[in-house]
Amino acid sequence: MAVIAERAIATDVPREASFNYLVVRYWLTALAAFFVAAVIGLVLRWNQASGFLSLAWHYRLQTFHGAYMAWFAIASVAGFVWLLIRKQFEIVVPRARMELVYWLLLAGAGLFGFGVLIGGFAPGFPILPPLPLNPAGAWAAWAVNVSLSGMVLIVVATIAYLLEWLVAAHRAAGGLGQALGLSVFLPRGANPGGRTVPPYVLAVTAMALIGMYALPVGAYLVANILLKNNFPAVPLDPLFAKNMLWAFAHTLVNILYWGTFGIVYLLIPVITDREWKLYRLLVILWLVTIVTTGMTAMGHHLQLDPVPFSIVVIGQVGSYLSIMSWAAVSIYGAVERIWKSGITWEPKVSFLYFGMFMVLVGMAGAYLDAGPGFNTILHNTLWVPAHFHSYMMLGMALFIFACMYHYVPLLTRKTDDSTALPRVHFWMTAIGGVGLVGSFYLAGLLGTPRRMAAYPLDALPALAGLVTQASVPFALVLALAQAIPLFYLTRMLVRRA
Ligand code: HEM
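About the criteria used
Counting of residues starts from 1 at the beginning of each chain's written sequence and follows it residue by residue. The predicted origin of the model limits local features to residues at a pLDDT of at least 70 and limits the giving and counting of side-chain atom pairs to 80 or more, whereas totals for whole chains, interfaces and linings rest on all residues. Strands are runs of DSSP state E lasting at least two residues, helices are runs of H or I lasting at least four, and both sets are numbered from the N terminus onward. To get the radius of gyration, use the C-alpha atoms; to get the globule rule, take the number of residues to the power 0.38 and multiply by 2.2 Å. The exposure label follows from counting other C-beta atoms within 10 Å of a residue's C-beta, where the C-beta atoms are placed from the backbone and the thresholds are 20 or more for buried and 12 or fewer for exposed, leaving partly exposed in between. Residue pairs are scored as contacts if the distance between their C-beta atoms, which are placed from the backbone, is within 7 Å. We count a residue as near a molecule or strand when its backbone-placed C-beta atom lies within 6 Å of that partner. Ten residue types, Ala, Val, Leu, Ile, Met, Phe, Trp, Tyr, Cys and Pro, are classed as nonpolar, four, Asp, Glu, Lys and Arg, as charged, and the remainder, Gly among them, as polar. Helix span, as expected, comes to 1.5 Å for every residue beyond the first. Axis lines are fitted through C-alpha atoms, for helices just across the contact stretch, and the angle between N-to-C directions can take any value from 0 to 180 degrees. The cut-offs work like this: below 35 degrees is roughly parallel, past 145 is roughly antiparallel, 65 to 115 is roughly perpendicular, and the gaps in between are oblique. Each crossing is labelled by how the near helix is turned from the far one, with a counterclockwise turn of less than a right angle marking it left-handed and a clockwise turn marking it right-handed. In this analysis the local bend is the angle between axes fitted, respectively, to the seven residues ending at and the seven residues starting at the residue.

A.B. asks: Sorry, what's going on with the overall build of the protein here?
C.D. replies: Assigned secondary structure in the protein consists of 16 helices and zero strands. Relative to a compact globule of 497 residues, whose C-alpha radius of gyration would be 23 Å, the protein shows 22 Å and is just as compact. Its C-alpha atoms give the protein principal-axis dimensions of roughly 65 × 50 × 45 Å. For the protein, buried positions account for 51% of its 497 residues. A separation of at least 24 residues holds for 82% of the contacts in the protein among residues at least 6 apart in sequence.

Here it is as structure tokens:
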């Protein structure tokens, strides 16, 4: 059985330059995608305020933005997973396999981007069926083929690195049950080494396990859309396809978010010098989440479908249970450790702390929207991007930034005494982000529809137009800030030690 190193990973990394630089390469590429997608996000918001783009280009850019932001998360988490496997489990994954995942991800992003920007593929992201197949002349069949082939490569690469994790966790922890922390339920004395895995191993294992259900569903769906695109006689039920899409896409973003919460579990004990062990309540809440998110959380996408009422109820309960419990207890655990720990408020701590706060905001937004009463008002309004930008842009992405600011000096073996750049990055992201997300929430409450290049302002309260315009400077600050981590990583790479 391999080992699970205690906390050394967070304070040191072995002298293996080629491995370390590979991880930095994953992150640098992810940050480049993030920056481009952030600038495109700014263009989208600007266009909604002043209408300078054609409809075709707005929807292309919207599709590109959503997909590349998801890609940023997938590629960043991949770097984190390789780091944990190598340094924490002390397991060596052959270099060729890590390179293969990297190049598959890159090729997938390239193909998807080509199909969107050159081919005009613009059904939005995720690609809600049957729209990809019914473009009313807006894009050609080849654009669907190219974009979706890219998506298949990305899905395959993600399955590959999650499988690597499952195999490694199985070996290191002595079984997947152990990797999920089940040993906390053993009676005293029945767990010979007395060891339970740290919480981040549980979080990443949960991500990988549920990924094995969500990602094949996605691959199967995309393959079917591709088949239908080329052989129209092939049957594809639009309702079934729609539900498969949510089972895939909604679950995927949830699990990526679990993986990045592993960063919180890993870094908070190191920063505060206070241990964070697994305990029974936390494991139980994670198990509840695994079952509800994996199996039922997409159920709230069934409210308008002709399905038995009992299915809607199960989906609703699953949705409510899926995130609240483990996240609330974990955030409480993090704050408890930070409280009076005498830490220095370095930028990475600010990213983690503010990220956790925004996760709570996003969760509250999601809960309201998932309820049938509020949903009649908020359905398909800007409230939807408001809630997911709260915990993806101002939660998950911030955890990833904290991870990079923590590890890049260790991985490159170069010290960076100045925290000025990360600090500016934090404040610009926080101020710009709250302004943008706040505008989404308010506009959503005012009934502004989502996914529209131009709003029907005559049909909306006057405030809706003002809110849209006022949000542009915030989006500008937010987007420009994302050049900073890109610059920071590049500088660390090229600088002399
Ligand atoms: C960094 C600055 C960002 C800006 C300025 C921005 C802006 C926007 C705007 C204006 C929209 C269109 C909303 C609508 O009309 O429905 C949008 C949609 C979206 N954003 Fe962002 N966003 C940012 C970051 C992120 C991040 C970090 C993620 C995820 C990790 C993300 C994921 C998405 C997705 C999935 C959509 C939906 C696309 C679609 O409906 O087709 N965004 N964003």
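A.B. asks: Any chance you could explain the site of the ligand here in plain terms?
C.D. replies: In the vicinity of the ligand lie 25 residues, with A38, G41, G66, M69 and G124 positioned nearest. The dominant element in the shell around the ligand, judged by the number of residues it contributes, is helix α3 (residues 55-88), at six residues. Here the residues of the shell around the ligand sort into 14 nonpolar, eight polar and three charged.

A.B. asks: Hey, could you run me through α3 in this one?
C.D. replies: Because each turn of an α-helix spans 3.6 residues, side chains separated by three or four positions in sequence point in the same direction. Along its 34 residues, α3 runs 49 Å from first to last C-alpha, staying within 8% of the 50 Å computed at 1.5 Å per residue. With 31 of 34 residues buried, α3 is to be regarded as a mostly interior element. In the segment just after α3, E90 is the residue with positive phi, at about 55 degrees.

A.B. asks: What is the right way to read the environment of A38 from this model?
C.D. replies: Within the secondary structure, A38 is located in helix α2 (residues 17-50). Separated by 443 residues in sequence, A38 and A481 have C-alpha atoms that sit 9.3 Å apart. Excluding residues within four positions of it along the chain, A38 makes contact with L478, A479 and Q482.

A.B. asks: Whenever I open this one, the packing of α2 against helix α16 (residues 483-494) confuses me. Can you help?
C.D. replies: Think of two packed helices as two axes; the pair is described by the angle between the axes and how far apart they sit. Where α2 meets α16, the closest approach of the two axes is 9 Å, and the angle between their N-to-C directions is 150 degrees. Classified by the angle between their axes, α2 and α16 sit roughly antiparallel to one another. Crossing hand, α2 versus α16: left-handed. Where α2 abuts α16, its residues V24, W27, L28, L31, A32 and F35 lie against A483, P485, L486, L489, T490 and L493. For the contact of α2 with α16, a count of residues per class yields eleven nonpolar, one polar and no charged.

A.B. asks: Explain the packing of helix α10 (residues 309-338) against helix α11 (residues 347-370) to me, please; I cannot follow it from the model alone.
C.D. replies: In contact at an axis separation of 11 Å, α10 and α11 are set at 160 degrees when each is read in the N-to-C sense. Judged by the angle between their axes, α10 and α11 are roughly antiparallel. As α10 packs across α11, the resulting crossing turns out to be left-handed. Contact residues: S319, Y320, I323, M324, A327, I331, A334 and I338 in α10; Y353, M356, V359, L360, M363, Y367 and A370 in α11. Taken together, the residues of the contact of α10 with α11 sort by class into 14 nonpolar, one polar and no charged.

A.B. asks: How should I be thinking about unusual backbone geometry in this particular structure?
C.D. replies: Peptide bonds are, in most cases, trans, and in most cases residues other than glycine have a negative phi. Going from F125 to P126, the amide bond is cis rather than trans, its omega being 0 degrees. P129 connects to P130 through a cis peptide bond whose omega is 5 degrees. Along the chain, P130 falls in the loop between α4 (95-117) and α5 (141-173). Phi angles above zero are rare outside glycine, and D273 is one such case at about 60 degrees. With respect to the helices, strands and loops of the structure, D273 is situated in the loop between α8 (238-272) and α9 (280-296). Note on D273: 11 C-beta atoms within 10 Å, which makes it exposed. At R413, a position not held by glycine, the phi torsion is positive, near 55 degrees. Turning to its location among the elements, R413 is positioned in the loop between α13 (383-412) and α14 (420-445).

A.B. asks: Sorry, what's going on with helix α7 (residues 199-230) here?
C.D. replies: Taking 1.5 Å per residue as the helical rise, α7 with its 32 residues ought to reach 46 Å, and the 46 Å between its terminal C-alpha atoms agrees with that figure. At G211, α7 shows its maximal kink, close to 40 degrees.

A.B. asks: In this structure, what is going on with the environment of L221? I would like to understand it.
C.D. replies: Tracing the chain through its elements places L221 in helix α7. The residues contacting L221, other than those within four sequence positions of it, are A241, M244, L245 and F248.

A.B. asks: Where do I start with the environment of M69 in this structure?
C.D. replies: Tracing the backbone shows M69 in helix α3. Considering only alpha carbons, one finds M69 and A397, 328 residues apart in sequence, at a separation of 9.4 Å.

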